[in-house]
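Fold and contact review
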Amino acid sequence: MVRRRLEEDEQRLSPFAARSSTSRGRGQPEAPSPVRTDFQRDRDRILHTKAFRRLKHKTQVFIAPAQDHYVTRLTHTLEVAQVARTITRALNLNEDLAEAAALGHDIGHGPFGHAGEEALAECLPEGFRHNYQSVRVLDKLENGGHGLNLTFEVLEAIEKSSKAREDIFAEGWGIPETLEGQVVKTADAIAYVNHDILDAIRAGLITEEDLPRAARTELGQSHSERLNSLVCDIVEASWAATGAGGDPVIQFSPRIHAAANELREFMFRRVYLYDATRQEAERGKRIVLFLFRHFANNPDGISPDYSLPGDPVERRAADYVSGMTDRYAIRQARELGCPEAEGWHV
Ligand code: MG
């Protein structure tokens, strides 16, 4: 009865919202929950995975920082979920679907952020992308190798959450079918650009005054002003998504769109691809390569909880290593005699 009431509540959402009662469903049909919609159930399944807990020790940008206030993959994920919930609720879209996809979107990230991703991409003939790996972890590896049997909409939003460098709205790995998936894709960029500014200032790479002029005049002078400007603008510019008339599109107004892209490009230049950041990343990359080679040559050391026994050995090694946190990877590599891991205290 409770689930029925929640599904009826969803009828009040925008005509363009996704509804759990008309979801394309799960890979394996199963009895619905008595007290939760399917999207709420997916959110809870993701939250209770071990892979989700490990996000707390995975890098966002700065690798295994000693200081307590740096963003980790876990706090990033929670910020994305919050931004996505605010936007979907304001636009009368399905907040539960957005929250589920946001919580799962980075679960496939390996240790050392994008450096780990680059390393694993060199190791596998099919390459390695964290968004595909997020789907793989949730759909295949978790739950003792059975996967979580999530709904199509949640998995699709996660797979297509990655963005290309040139534009926040660039197609990248595809545009999600649901508006909620499109909100998550944008909420990811809104969250990371803003919290990475704070971390970059904390690390002494930039100061507030270095930010592009448009970012300061159009978006605001402080973290909260910038975040608020971006969220309010996207709600206003995407108002047609509520069913108020016009094409339902998740977008910024042209002026804020330009300011946000300029800010993101500035972050690529001054922070993400900056020499000192890259040097540390290269070290992380060499550790991942070392671990991959070790486990591909010694598959008996691969824990059966993090890979599928029937898969090729390279795939199993990549699944195992990509599941590691930064600190676990450093410790493992040190124990196995990798010189790069020496003196890195975590
Ligand atoms: Mg992300």
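Below: a short report on this structure. (Residues numbered from 1 in each chain as written. Predicted model: local features only at pLDDT ≥ 70, side-chain atom pairs only at ≥ 80, totals over all residues. Heavy atoms only, no water.)

Examining the nonpolar core
Within the largest apolar cluster, 70 residues are counted, with the highest numbers of intra-cluster contacts made by Ile87 and Val271. The biggest single contributor to this core is helix H9 (residues 179-202), with eleven residues. (Core = buried A, V, L, I, M, F, W, Y, C linked by side-chain atoms within 4.5 Å. Buried < 20%, exposed > 50% of the residue type's maximum accessible area, 1.4 Å probe, protein only. Helix = DSSP H or I, 4+ residues; strand = E, 2+ residues; numbered from the N terminus.)

Things to note about the environment of Phe266
Summarising the element assignment, Phe266 is placed in helix H12 (residues 254-272). The exposure class of Phe266 is buried, given its relative accessible area of 3%. Not counting the four nearest positions on each side in its chain, Phe266 is found in contact with Ile206, Asp210, Leu211, Pro212 and Val271. (Contact = heavy atoms within 4.5 Å.)

Things to note about the environment of His195
Relative to the elements of secondary structure, His195 occurs in helix H9. Between the C-alpha atom of His195 and that of Gly284, which follows or precedes it by 89 residues, the distance is 22 Å.

Brief notes about the layout of surface pockets
As a volume, the largest pocket reaches approximately 700 Å³. For the lining of the largest pocket, the secondary structure elements donating two or more residues are helix H4 (73-90), helix H6 (113-123), H9, H12 and helix H13 (275-297). A total of six residues in the lining of the largest pocket trace back to one element, the largest contributor, which is H6. Taken together, the residues of the lining of the largest pocket break down into twelve nonpolar, eleven polar and eleven charged. (1 Å grid on protein atoms, 1.4 Å probe; cavity = no way out; pocket = protein on both sides within 12 Å on 5 of 7 lines; lining within 4 Å. Points joined across faces, edges and corners; volume = space filled by probe spheres on them. Nonpolar A, V, L, I, M, F, W, Y, C, P; charged D, E, K, R; others polar.)

Considerations on the pattern of salt bridges
Here the structure, examined in full by the defined rule, presents 31 salt bridges. Residues Arg45 and Glu30 are paired through a salt bridge, measuring 2.8 Å at the closest nitrogen-oxygen approach. Within this pair, whereas Arg45 is found in helix H2 (residues 38-47), its partner Glu30 is found in the loop between helix H1 (2-10) and H2, the two being separated by 15 residues in sequence. Linking Asp44 and Arg36 is a salt bridge whose minimum nitrogen-to-oxygen distance equals 2.9 Å. (Salt bridge = Lys/Arg side-chain N within 4 Å of Asp/Glu carboxyl O.)

Some words on the coordination of the magnesium ion
Around the magnesium ion, the protein contributes the donor atoms His76 (NE2), His105 (NE2), Asp106 (OD) and Asp188 (OD), at 2.2 to 2.4 Å from the metal centre. By relative accessible area, which is 2% here, Asp106 ends up buried. For Asp188, a relative accessible area of 8% puts it in the buried group. (Donors = N, O, S within 2.8 Å, 3.2 Å for Na, K, Ca; no water.)

Regarding empty space enclosed by the protein
Across all of its chains, the model carries one cavity of 30 Å³ or more by this definition. Here the largest cavity defines a volume of roughly 40 Å³. Among the elements that make up the lining of the largest cavity, the one with the highest residue count is H9 (three residues). Its residues assigned to classes, the lining of the largest cavity shows nine nonpolar, no polar and no charged.

What to know about the state of the cysteines
This structure, assessed with the given rule, holds zero disulfides. Among the cysteines around Cys123, which has no disulfide bond, Cys338 carries the closest sulfur, lying 13 Å off. When its relative accessible area of 16% is taken as the criterion, Cys123 is described as buried. (Disulfide = S-S within 2.5 Å.)

Quick notes on H4
Over its 18 residues, H4 extends 26 Å from the first C-alpha to the last, a length consistent with the 26 Å expected when each residue adds 1.5 Å. The set of residues buried in H4 consists of Arg73, Leu74, His76, Thr77, Val80, Ala81, Val83, Ala84, Ile87 and Thr88. Against helix H3 (50-54), helix H5 (95-104), H6, H9 and helix H11 (223-237) lie the buried residues of H4. Positive backbone phi, at 60 degrees, marks Asn92, one or two positions downstream of H4. (Expected span 1.5 Å × (residues − 1).)

Notes on the packing of aromatic side chains
Under the defined criterion, the tally for this structure stands at five aromatic pairs. When the ring of Phe268 is compared with that of Tyr272, the centres are 5.2 Å apart and the planes differ by 85 degrees; the resulting orientation is edge-to-face. Note that Phe268 and Tyr272 are positioned in helix H12 at a spacing of four residues, about one turn of the helix. Between Phe295 and Tyr320 the ring centres are 5.0 Å apart and the planes differ by 85 degrees, which places this aromatic pair in the edge-to-face class. Of the two residues, Phe295 sits in helix H13 while Tyr320 sits in helix H14 (residues 313-322), which places them 25 residues apart along the sequence. This pair shows no difference in class: Phe295 is buried, exactly as Tyr320 is. One aromatic cluster is present, built from ring pairs that chain together Tyr192, Phe268 and Tyr272. Against the face of Phe152 rests Arg24, its NZ or CZ located 3.8 Å from the ring centre. Across from the ring centre of Tyr70, 6.0 Å away, lies the NZ or CZ of Arg202, which sits over that ring. (Phe/Tyr/Trp six-rings, centres within 6.5 Å; stacked < 30°, edge-to-face > 60°. Lys NZ or Arg CZ within 6 Å of the ring centre and 35° of its normal.)

Some thoughts on H13
Given a rise of 1.5 Å per residue, 23 residues ought to cover 33 Å, and the 33 Å separating the end C-alpha atoms of H13 matches this to within 8%. Looking at H13, one finds that the buried residues are Thr277, Ala281, Gly284, Lys285, Ile287, Val288, Leu289, Leu291, Phe292, Phe295 and Ala296. Against H6, H12, H14 and helix H15 (326-335) lie the buried residues of H13.

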